[in-house]
Each structure stands twice: as structure tokens, then as C-alpha cells.
Amino acid sequence: MDFKGRDIIDINDFSKEELLYILKSAKKFDPAFAKKDRSNYTIAQGKIAATLFFEQSTRTEQSFKSAAQKIGMGIIGFNDPHSTSIHKGESFSDTIRIMDAYADVLIIRHPKVGSAKEAADLAQIPVINAGDGPNQHPTQTILDLYTMMKEAGKLDGIIVALMGDLKYGRTVHALSLALSHFKVKQIFISHPTLRMPDEFLQVLDKRGVEYEEFDVLPEDLKADFVYQTRIQKERFKDLNEYKKIKDKFILDASFKKYLDRGVKLMHPLPRVNEIDSVLDAHPNAIYFEQARNGLYIREALLTLILGRI
Ligand code: CP
């Protein structure tokens, strides 16, 4: 399977076979599986990654920088566009053309939907979408799949509950679509006003995916994973609506009984208050491990698109 030179813009651009190939490749960088450390500082020596972060990030920006350096790449870029000539009025397209000349891979986060695709259309080198507004964050979806595969040992046959803001959350939309390639039962738990949009349910129907919807967390929930998400305050037109909902889907100490039963708790992070830190020490609270897995996925993706694997 050849990924050399490929852009990573939208999770829908990847077939089931391609997703499985990326997951398999990431195992080579993961100390949990790798016989020897493949993060050897030489695989991609001489190549440069440019991280263009027009919007804030902790995990995505830092894990891409770490991944690039672990495989030997140099790093350039910015995370404050006002420290660049954009502040003087330089356009997005000129900025992309310039960075295209200085790097071998562009990694871009931007609040505007479609910005990563726009960059990919302008650039000669591969572009990775590190989040384009409420639209897509494909490397997050791939690391979520990887985490489930690593924890459960398989994807076919698992049950995944997606919870919280299913209306506005880009992570749950993309994850639901990616999981629909596999025999995964999906459970949606949200306030009635934050349900999974019909357009996504229609895709699941078309693909014959089994799913259920709940307004509250069922006491007898049968799931391998609960994927909790933040209520996206910034997307509400009426803040009173947000205030009515915001505290209804907080997982606190009472969620321990689910963890004790073997349910694994995931979250793309950052969290605000939707998972109480009292749960953090439980071995089935795996959101920090999930974030760590992002490193192995990003090492694999960079290596694949540079044709070094
Ligand atoms: N999960 C995620 O994308 O986190 P950051 O916004 O910190 O990159």
C-alpha cells in the first residue's frame, strides 16, 4: 500500500484496508508492540515538517512535533499567526505557498472549514489536516481507532458508546463514520437537542450499522468503550440553552461502577468538566493513554507519506 506524497485531509478518503494498514504501521512505533524502538531519529532524516497552527492546540501540535523529531525530521512553523507576516496582511494562500517551499510536509490547523483542503490544493508537498474548524481532524480519528484496537485487540465485534455533544462534535462524527467500516455497534448518548445529526445516521443506515440512541446514560449499558466529549459552548447560538445542558452529562465518581465492569473511558481531550478527575486513576480511564497513542499514529503517518516505511 503506497501512501507516499498523499494528503491527509478527510477520514472519508480512507478505505477500511488503508485504515488497518496505518494502524498496523503505528505498532512499529509503539513500545507496547515494537520489538525495538523504531523512533530512531534517522528514518526521515533530512526532511522538514512545518506546523502551521492558526488555532490553539496542545496534543496535536506537540505530538506532531515530537513524532517528527523522533523519526529524525526538522521542524519549522508557528502557532501564533500574529508572529508572522499574516499580521501585516499576507494572505492564507501566500503563506501556504511560502511554507510549501521550505518544508516536506505541512501540518495545518485552522478554524475555517475546508482550509486544509485549500492548502493541499495549493501545496506541492503533502498536507495533513490537524483540524479545520468543526469539520475534520482525521489523525484524531485514526488514533481513536488505534486506541480501541490496542485495548480490545480487535475492532470487529466491539460496542462503542459516543456521549456528550453529538451534534457539534467533529470527533464523534468522524469516529462514527470510521467505525462504520467495521462490525461495531454504536450507542449514542446525548441530550435530545444534541443528538447525532440525521446525515450521519443515514450513512449508518445505508451501511447496515447497528445503533441505538439514549437521552441518559443507561444503568445497564453494555459497551466496551464510552467516548465522552465536551459540550461545545462556542457553537451555541443561545447561551441559555448551553447553560441548561452543560452539567447534565458530567461523568463523576458514580461512573466508577461502569469502569469496574470493564467499560473503558475515552475522551479526545481537552476536557473542561465532563470527566471528574476522581476517575483518572482507574485503569479503565484511558484518555491519557489515548493521547499518548497519537504520537505513534503521527510517527507512522509522517513516515508513510514520506515513503520511508
Ligand atoms: N484532541 C486534540 O485535538 O487536542 P488539541 O486541541 O490540544 O490538539
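What counts and what doesn't
Residues numbered from 1 in each chain as written. Predicted model: local features only at pLDDT ≥ 70, side-chain atom pairs only at ≥ 80, totals over all residues. Heavy atoms only, no water. Helix = DSSP H or I, 4+ residues; strand = E, 2+ residues; numbered from the N terminus. Rg over C-alpha atoms; globule rule 2.2 N^0.38 Å. Buried < 20%, exposed > 50% of the residue type's maximum accessible area, 1.4 Å probe, protein only. Contact = heavy atoms within 4.5 Å. Areas by Shrake-Rupley, 256 points an atom, 1.4 Å probe, with all protein chains shown as cover. Lys, Arg positive; Asp, Glu negative; His and termini not counted. Charge placed at Lys NZ, Arg CZ, Asp CG, Glu CD. Near = heavy atom within 4 Å. Polar contact = N/O pair within 3.5 Å; in protein donor to acceptor, adjacent residues only side chain to side chain. 1 Å grid on protein atoms, 1.4 Å probe; cavity = no way out; pocket = protein on both sides within 12 Å on 5 of 7 lines; lining within 4 Å. Sits in = over half its atoms within 2 Å of the grid points. Nonpolar A, V, L, I, M, F, W, Y, C, P; charged D, E, K, R; others polar. Domains from an automatic or database assignment. Arc of directions from axis to C-beta. Buried area = accessible area lost by both parts, 1.4 Å probe. Salt bridge = Lys/Arg side-chain N within 4 Å of Asp/Glu carboxyl O. Phe/Tyr/Trp six-rings, centres within 6.5 Å; stacked < 30°, edge-to-face > 60°. Pairing = 2+ DSSP bridges. Axes fitted to C-alpha atoms, helices over the stretch in contact; angles between N-to-C directions.

Before going further, it helps to spend a moment on the overall build of the chain. The helix and strand inventory of the chain stands at 10 helices and nine strands. Taking 2.2 N^0.38 as the reference for a compact globule, 309 residues should give roughly 19 Å; the C-alpha atoms of the chain span a radius of gyration of 19 Å, in line with that estimate. Dimensions along the principal axes, computed over C-alpha positions, put the chain at roughly 55 × 50 × 40 Å. Out of the 309 residues in the chain, the part that is buried amounts to 52%. Across the chain, contacts joining residues at least 24 apart in sequence account for 71% of those joining residues at least 6 apart. As displayed, the chain offers around 13,800 Å² of accessible surface, 48% of which is attributable to carbon and sulfur atoms. Seen as two clouds, the 44 positive and the 43 negative side-chain charges of the chain have centres 4 Å apart.

For the rest of this paragraph, the subject is the site of the ligand. The full set of residues close to the ligand is Ser57, Thr58, Arg59, Thr60, Arg109, His137, Gln140, Pro268 and Leu269. In the environment of the ligand, an oxygen atom lies 2.8 Å from a nitrogen or oxygen atom belonging to the backbone of Thr58. Burial of the ligand by the surrounding chains reaches 91%, relative to a free accessible area of 260 Å². Because more than half of its atoms lie within 2 Å of the grid, the ligand is assigned to the largest pocket. Partitioned by chemical class, the residues of the shell around the ligand number two nonpolar, five polar and two charged. Both domains that meet at the shell around the ligand, namely domain 1 (11–136 + 294–305) and domain 2 (139–290), each give it at least three residues.

For an α-helix the count is 3.6 residues per turn, leaving residues at separations of three or four pointing the same way. Every buried residue of helix 7 (residues 198–206) is listed here: Phe200, Leu201 and Leu204. Each buried residue of helix 7 lies within a common arc of 100° when the element is viewed along its axis, so the set occupies one face. Turned more than 90 degrees away from the buried face of helix 7, the exposed residues are Asp198, Glu199, Gln202 and Lys206. Each element contacted by the buried residues of helix 7 is listed here: helix 6 (170–179), strand 6 (185–189) and strand 7 (211–214). Two residues or fewer after helix 7 comes Gly208, characterised by a positive phi angle close to 70°.

How big an interface is tends to be stated in terms of the accessible area lost upon association of its parts. Each domain of the chain was delimited in the assignment, giving domain 1 (11–136 + 294–305) and domain 2 (139–290). Between the C-alpha centres of domain 1 and domain 2 there is a distance of 25 Å. On the domain 2 side, the residues contacting the 28 residues of domain 1 number 22 residues. Taken together, the two surfaces of domain 1 and domain 2 that pack against each other cover about 2,100 Å², and 65% of this comes from carbon and sulfur. Along the contact surface separating domain 1 from domain 2 lie one salt bridge. Linking Asp30 and Lys150 is a salt bridge whose minimum nitrogen-to-oxygen distance equals 2.8 Å. Where domain 1 packs against domain 2, one counts five residue pairs in polar contact (both at pLDDT 80 or more). For the side of domain 1 that touches domain 2, the elements supplying multiple residues, two or more each, are helix 1 (16–26), helix 2 (59–70), strand 4 (127–132) and helix 10 (287–305).

Under the defined criterion, the tally for this structure stands at eight aromatic pairs. Relative to Phe92, the ring of Phe54 lies with its centre 5.6 Å away and its plane at 50°, an arrangement referred to as tilted. One end of the pair, Phe54, is in the loop between strand 1 (48–53) and helix 2; the other, Phe92, is in helix 3 (residues 92–102), and 38 residues separate them in sequence. Residue classification places Phe54 among the buried residues on the basis of a relative accessible area of 16%. Residue classification places Phe92 among the buried residues on the basis of a relative accessible area of 17%. Pairing Phe188 with Tyr211 gives two aromatic rings, centres 5.8 Å apart and planes at 45°, and the pair type is tilted. Of this pair, Phe188 sits in strand 6 while Tyr211 sits in strand 7, and the two are 23 residues apart along the sequence. Its relative accessible area of 1% is what places Phe188 among the buried residues.

Quick look at the sheet that holds strand 1 now. In spatial order, the strands read 2-1-3-4; together these four strands make up an open sheet with parallel pairing. Where the open sheet ends on each side, the last strands, each with one partner, are strand 2 (74–78) and strand 4. Here the average twist between neighbouring strands, direction ignored, is 15°. Here strand 1 pairs with strand 3 (residues 105–110) via five bridges, running parallel. Counterpart to Thr51 in the pairing with strand 3 is Ile107. This element, helix 3, spans strand 1, strand 2 and strand 3 of the sheet and lies at about 150° to strand 3.

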